[in-house]
Structure formats: C-alpha cells, structure tokens
Amino acid sequence: TARTARARKELDRIPTLIARYKQRLLALAFSGELTAAWRKANPGSPAIVRTLTGIDGRSADLGDIPQGWNWTSFGDMATVTGGLTKNKSRDNIKNRVPYLRVGNVYANELRLNDLAEIGCTEAEFEKTRLRAGDLLIVEGNGSIEQLGRVAIWNNEVAGCSHQNHIIRARPNAELLPSYGLFWLLSPGGRAAIEGVASSSSGLHTLSITKVKGFPIPVCQLEEQAEIVRRIESAFGWLDR
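First, a word on scope: everything that follows refers to the structure included in this document. (Residues numbered from 1 in each chain as written. Predicted model: local features only at pLDDT ≥ 70, side-chain atom pairs only at ≥ 80, totals over all residues. Heavy atoms only, no water.)

## Some words on the pairing of strand S11 (residues 166-171)
Right, on to step 1. A large share of S11 lies buried, amounting to six of its six residues.
Right, on to step 2. Direction of pairing for strand S2 (residues 78-81) relative to S11: antiparallel, over a ladder of four bridges. Considered in S11, the bridge of Thr-81 is made with Arg-168.
Right, on to step 3. For strand S7 (residues 135-138) and S11, the ladder comprises four bridges, and the chain directions are antiparallel. The residue of S11 that forms the bridge with Val-138 is Ile-166. (Buried < 20%, exposed > 50% of the residue type's maximum accessible area, 1.4 Å probe, protein only. Helix = DSSP H or I, 4+ residues; strand = E, 2+ residues; numbered from the N terminus. Pairing = 2+ DSSP bridges.)

## A word on the packing of aromatic side chains
Right, on to step 1. For the structure on display, the rule yields five aromatic pairs.
Right, on to step 2. Plain terms: the ring middles of Trp-71 and Trp-183 are 5.8 Å apart, the flat faces sit at 65 degrees to each other, and that makes the pair edge-to-face. Of the two residues, Trp-71 is situated in strand S1 (residues 70-73) and Trp-183 in helix H5 (residues 177-185); the sequence distance between them amounts to 112 residues.
Right, on to step 3. When its relative accessible area of 13% is taken as the criterion, Trp-71 is described as buried.
Right, on to step 4. Between the aromatic rings of Phe-74 and Phe-214, the centroid separation amounts to 6.4 Å while the plane-to-plane angle is 65 degrees, which identifies the pairing as edge-to-face. Remark: Phe-214 occurs in the loop between helix H7 (208-212) and strand S14 (215-218) and Phe-74 occurs in helix H3 (residues 74-77); sequence separation between them is 140 residues. (Phe/Tyr/Trp six-rings, centres within 6.5 Å; stacked < 30°, edge-to-face > 60°.)

## Section: the sheet that holds strand S10 (residues 161-162)
Right, on to step 1. If you trace the three strands from one edge of the open sheet to the other, you get S6-S3-S10, paired in mixed fashion. Of all strands in the sheet, those with a lone pairing partner are strand S6 (116-119) and S10, marking the two edges.
Right, on to step 2. Of the pairings in the sheet, the one linking strand S3 (residues 96-100) to S10 comprises two bridges and is parallel in character. From the neighbouring strand, Leu-100 faces S10, where its bridge partner is His-162.

## Brief notes about the environment of Arg-90
Right, on to step 1. If you trace the backbone, Arg-90 turns up in the loop between S2 and S3.
Right, on to step 2. Take Arg-90: its relative accessible area is 8%, and that puts it in the buried class.
Right, on to step 3. The sequence separation of Arg-90 and Lys-9 amounts to 81 residues, and the corresponding C-alpha distance is 51 Å.
Right, on to step 4. The contacts of Arg-90, once residues within four sequence positions are left out, are Leu-84, Thr-85, Arg-96, Ile-118, Gly-119, Cys-120 and Glu-124.
Right, on to step 5. Reaching out from Arg-90, the side chain makes a polar contact with the backbone oxygen of Gly-119 at a distance of 3.0 Å. (Contact = heavy atoms within 4.5 Å. Polar contact = N/O pair within 3.5 Å; in protein donor to acceptor, adjacent residues only side chain to side chain.)

## Notes on unusual backbone geometry
Right, on to step 1. Within the chain, Asn-108 stands out as a residue other than glycine whose phi angle is a positive 60 degrees.
Right, on to step 2. By secondary structure assignment, the location of Asn-108 is in the loop between strand S4 (105-106) and strand S5 (109-110).
Right, on to step 3. The backbone phi angle of Asn-155 is positive, close to 60 degrees, even though this residue is not glycine.
Right, on to step 4. Along the chain, the position of Asn-155 falls in the loop between strand S9 (150-152) and S10.
Right, on to step 5. On the basis of relative accessibility, which here comes to 46%, the residue Asn-155 falls in the partly exposed class.

Okay, here's the thing in structure tokens:
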C-alpha cells in the first residue's frame, strides 16, 4: 500500500512536469536557441527589418533575439478584429450561423461539442466569418491565468462566426499561424498578455488595441516553419 501511494504521488507530478517542459521548450524556441544550429546550416535572407512602432509601451523588456530576427507588433503581422455582440434583437434575424463563445476556446484547444447559433446579417457574417489559420484569443476572464487563452481555427465547422468576447487575429503572409499561436502560449507571449491586462471588478480584459500592441519576435518563414515543426514534434512525443 505504501509503495502504491508513492507511485501515485509520483504519477500525479507528471502533468506538472510536462507543462514545465513545454514552457521551457517554447522559451528556447522564441529566444532562437532551439534553431541555432539550423540557422548555421541554412543561411538565408534575414527577416524584413521592422521598427518597435506599434508595440505597447508596457512591454519594455523584450529580451535578446538572434541577428536577423526582429521585434515587431502583433498588429503589424496580423489583422485583429472583434466579433458579434449578443443581444435580443438578434432573435428576430432569420439568417442564423454557428458561432464560438468563450467556453469553446481553450489553450491550444477548441471544444465544439456545445456550439451555439446566433442571428446575424450577411454583412456581419462576411466580416466575422472564420477562416483556416485564424487565431482566437479570449478577451476577458476572472482569472489572469485564463485570460488570453488562444487556439487556432482549422475550419472544424463550416460557416462559423465568433462572439465579441473572442478576438480574432488573422496572420498575414509573413507570419505562420502556428508560429503566432505558439508565441502567445510561450512565457514571453504570456508576459505580453498579462502585462497589458486591465482588471475591473475582478475581471481581467484585453481589447483589439491591446492585442495589436503585443510584441512578437519574427524571423524568416523558413525558420518559422522549422520552429513549428520542432515544437509540434516534441509536444506530440510528450503527449504520447
């Protein structure tokens, strides 16, 4: 019985150890250490030179990054928009679409078993319709650890929209969606999120402007792809 109790205690530590390992891996990825050898073996054109314009001033300590990488604002690498506001008037709109709520979006995970529908006009739907590669960021939460939960949309449900409490970031051609996702999940990304969070009556909130002001370290697309490949491979091994 004592041996069993000790074994259970050790097994209970595994999820915490895995979470710490993943955070360490993400920290190495966005400091450039994870792909240091890859850069030497694959010299290429450096990332487009960008300025710090647009980065929220509360993100003072950006940290060191490799030569050829650049700090820039999230709004410079993605189109950031809001969603549908829920109100009674929508009950009278005949056109109804599935839409994501806060309860559907978790850290690198979508839970779609209880997807709801909402009435919206054709114009609203075209503005808020989700596309593959969109990053979904939770706008508010009572717990700062849960604020800014982010997941990637891969067209799991056709013709889906989202509510205004989920901020959508659509990466441009210079940012791989999974690279942006892993950055926001990393220690540096979490520091950026928590650094701009405001609290009102115990609720921590973000905004479109704050998300646009997140800092992000960018590198050439080939290295972004290699970073994503290594992270996904390691995460897959850990999960198995």
